Amino acid sequence: MVEQIPLRQSEAENWKFFLELPDVDPAKLDTKQVLDSQLKRPLFEFSGACSGCGETPYVKLLTQICGDRLLIANATGCSSIYGGNLPTTPYCQRKDGKGPAWSNSLFEDNAQFGMGMRVSADKLQGFAFELVEKLLASDKTPAETKACLEKIKAVDQHDEKGQGVEQMRALVKELKGYLKAGKDAGCDVCAQLLSVADNLVRKSVWILGGDGWAYDIGYGGLDHVLASGRNVKVLVLDTEVYSNTGGQASKSTPTGAIAKFAASGKVQAKKNLGLMQMQYKNVYVAYVSMAANPAATVKAFNEAENYDGPAIIIAYAHCIEQGLNTATGPAHQVAAVDSVHFPLWRYDPRKAAEGKNGLTLDSKDKSDTVSFAANAVSKELGENRFRQLVKVAGPDKAKEMLEKAEVGFKENYKLLTELAALPVL
Ligand SMILES: Cc1ncc(C[n+]2csc(CCOP(=O)(O)OP(=O)(O)O)c2C)c(N)n1
Ligand code: SF4
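Notes on the structure in this doc start here. Within any chain, residue numbers begin from 1 and follow the written order of that chain's sequence. Chains and ligands are labelled sequentially in the order written, the chains with letters from A and the ligands with numbers from 1. Two thresholds apply to this predicted model, a pLDDT of at least 70 for residue-level local features and 80 or more for giving and counting side-chain atom pairs, whereas whole-chain, interface and lining totals are computed over all residues.

Observations regarding the site of ligand 1
Here's step 1: In the vicinity of ligand 1, 19 residues are found, and the nearest of them are Gly 77, Gly 210, Gly 212, Ser 243 and Asn 244.
Here's step 2: Elements that contribute at least two residues to the shell around ligand 1 include exactly helix H4 (78-83), strand S3 (204-210) and helix H9 (211-217).
Here's step 3: The dominant element in the shell around ligand 1, judged by the number of residues it contributes, is H9, at 4 residues.
Here's step 4: Only Asp, Glu, Lys and Arg are considered charged in this grouping, and only Ala, Val, Leu, Ile, Met, Phe, Trp, Tyr, Cys and Pro are considered nonpolar; every other residue, Gly among them, is considered polar. Of the residues that constitute the shell around ligand 1, the class distribution is 6 nonpolar, 11 polar and 2 charged. Each residue gets a C-beta atom placed from its backbone. Should that atom fall within 6 Å of a molecule or strand, the residue is termed near it. Runs of H or I in DSSP of at least four residues are treated as helices and runs of E of at least two as strands, each being numbered from the N terminus.

So, in C-alpha cells, the structure goes:
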C-alpha cells in the first residue's frame, strides 16, 4: 500500500498530458478501417455500465463513425441507464463543443420517438435548402455566395468514402461568412439561412435499445418505422435477455437458456429479427460481433450509416446476466459466432438494386468443432444461463434442449448459405 495523495498528484499530471494529446485530423482517417476508426475521438466515455459490458463498445464505435452529427433515441434498458445517468452523461463533446444529441423516451415507443427526430431533422434541412434556392434565384445575391450555394447543392452526402459530409461542413463554414455579411447588409433570407445553415450537414438518427425492446415490447413500432423507408438506423444491443431489470426472457433468448419467465429453460427458438426485416428488401440488415469479427462490424456500421434508407444492426453483446465473467466476454462472443448460435451476415439493398445478391456471410460454420450444446455447459465457455438448466431439468433433458437449440442454429445457417447462393436477393 502507498499513500494515496502523492499517487493521485502524479496520475493527475498524466491525465492532463493525455487530455492535451491532439486529435488526429478526421479528414486523414478512413473510418471503414478498424485501426482508423479507433483513432477517431470517441464521443462516449466513462459510462456507468458493468466493467467489461458487451454493449458499450458498440455505442462507442457508433460515436466514432457518426461523430457530432449523431442524434440518438434510446429505449429504456441498460443503454439508457449507463447512457443517461443524469446529471452526468458519458456522451461528450469535441474540442469545438459539438457532440451527439441524446434522449430517452419510453420502452414501448422508442422507434417512433427516433422517427420524430428524423422528421424534424429532414424538415429543417428541407427548409434550409428552400432558402438556398431563394438566394440563388435573387439578383441581389453576390456571385461568390451563389458559387458556394451551387457547390452545396452538388455535394453527395451519402458517398461511399464518407467525404461528402466533410465537404459540406467546410462549405457551410464558408457560407456562414457570406450570410453574416448579407445579414448585416439587410438581407432577411440570409439571416434566416444563417439560423438553420448547420442543418445542411446531414444528421444521422440512430435508434438504440436492447433485445427486450427490439424483439418484444418495442417491436411493433420498430417494424413500422423500418417499413416506412425513412432514413433511420436501429442498433439492437442483443444480450438475449432483459438485462437491466434482472434477466427476464425475451424473444431473442435462445432455446434452453434459463431466465425469469423461462425458469425451466426457454422452449421457443430465438426469433430471427434480421430475416424478418430483410424481407422488406429496402432495409439494410447486419448481424455483428465486435470480438468475433471487428472488420465486418466496422464495415456494417459504415454501410448502414452511408445507406440513404432504413437500417438495422443486431449486435451480439455478452452480459453479466448471461452468467459469465465479462473478462472472458470476447471468447464467449467468438464461440457464439463459430458455433452458428449467432452467425454474422449483412444484407445490403444497394446490391440487390443492381440485380445482385445483397446477402454476405461474414462468419463460417465451425459447429463441427465448436459445439453450442457442449460449450454451453463447459468449464471454459459455459454460461450460468445454460448450466442452471442441468440442475433444474436434469442432465438428460438439458442435453436434449441444448441439442435442439443447436439443430435450430445449424438450420438457420444452412438457410442463410442457401439464400446467399441465389443469383439475386
Ligand atoms: C412498458 C414498460 N415495461 C417494462 C419496463 C421496465 N423495463 C425497463 S428496462 C427493461 C428491460 C430492458 O431490456 P432490454 O431491452 O433487453 O435492454 P438491456 O437492459 O438488456 O440493455 C424493462 C423491462 C418499462 N420501462 N416499460
Ligand atoms: S447488465 Fe449487462 S448489458 Fe447491462 S451494463 Fe451490465 S453487462 Fe452491460
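Notes on the environment of Gly 83
Here's step 1: Looking at the secondary structure, you find Gly 83 in helix H4.
Here's step 2: C-alpha of Gly 83 to C-alpha of Glu 383: the two residues are 300 residues apart in sequence and 26 Å apart in space.

A few points about the sheet that holds strand S5 (residues 284-288)
Here's step 1: Pairing is mixed across the open sheet formed by 8 strands, whose spatial order is S2-S1-S3-S4-S6-S5-S7-S8. With partners counted over all chains shown, the strands left at the sheet margins are strand S2 (101-104) and strand S8 (359-361), one partner each. On average, each strand axis in the sheet is inclined to that of its neighbour by 15 degrees, with strand direction left out of account.
Here's step 2: In this description, strands pair whenever DSSP reports at least two bridges between them. Of the pairings in the sheet, the one linking S3 to strand S4 (residues 233-238) comprises 5 bridges and is parallel in character. Residue pairing across strands places Leu 208 opposite Leu 235, the latter belonging to S4. Every axis corresponds to a line fitted to the C-alpha atoms, with the helix fit spanning only the stretch in contact, and the corresponding angles, defined between N-to-C directions, vary from 0 to 180 degrees.

Brief notes about the pairing of strand S1 (residues 70-74)
Here's step 1: Put plainly, a residue is buried at 20 or more neighbouring C-beta atoms within 10 Å of its own, exposed at 12 or fewer, and partly exposed in between, counting only other residues' C-beta atoms, which are placed from the backbone. With 5 of its 5 residues buried, S1 lies for the most part within the structure.
Here's step 2: Here 5 bridges tie S1 to S3, and the two strands are oriented parallel to one another. In the sheet register, Ile 72 faces S3, and the bridge partner there is Trp 206.
Here's step 3: When S1 meets S2, the two strands line up parallel, connected through 4 bridges.

Here's the deal with the site of ligand 2
Here's step 1: Neighbouring ligand 2 are the residues Ala 49, Cys 50, Cys 53, Glu 55, Cys 78, Tyr 82, Thr 239, Ser 243, Asn 244, Cys 319, Ile 320 and Glu 321.
Here's step 2: Counted by class, the shell around ligand 2 contains 7 nonpolar, 3 polar and 2 charged residues.

Thoughts on unusual backbone geometry
Excluding glycine, most residues fall at negative phi; most peptide bonds, likewise, are trans.
Here's step 1: Here the bond from Leu 86 into Pro 87 is cis, since omega is 15 degrees, no more than 30 degrees from zero.
Here's step 2: Its place among the elements puts Pro 87 in the loop between H4 and S2.
Here's step 3: In the Ramachandran plot, Val 340 falls in the positive-phi region, its phi being about 60 degrees despite a non-glycine side chain.
Here's step 4: Examined against the element boundaries, Val 340 turns out to sit in the loop between helix H13 (329-338) and strand S7 (345-347).

Examining helix H6 (residues 143-154)
Here's step 1: In this analysis, the expected span of each helix is defined as 1.5 Å times one less than the number of residues it contains. Between the first and last C-alpha of H6 there are 17 Å, a value that for 12 residues agrees with the 16 Å anticipated at 1.5 Å per step.
Here's step 2: Considered for burial, the residues of H6 that qualify are Thr 145, Cys 148, Leu 149 and Ile 152. The arc enclosing the buried residues of H6, seen along the axis, measures out at 100 degrees, which places them on a common side. The exposed residues of H6 that point more than 90 degrees off its buried face are Ala 143, Glu 144, Ala 147, Glu 150 and Ala 154.
Here's step 3: Here the contact rule is simple: place C-beta atoms from the backbone, and any two residues whose C-beta atoms are within 7 Å are in contact. Residues of H6 that are buried in the fold lie against helix H5 (110-137) and helix H7 (163-184). Here, the arc refers to the directions that run from the helix axis to the C-beta atoms.

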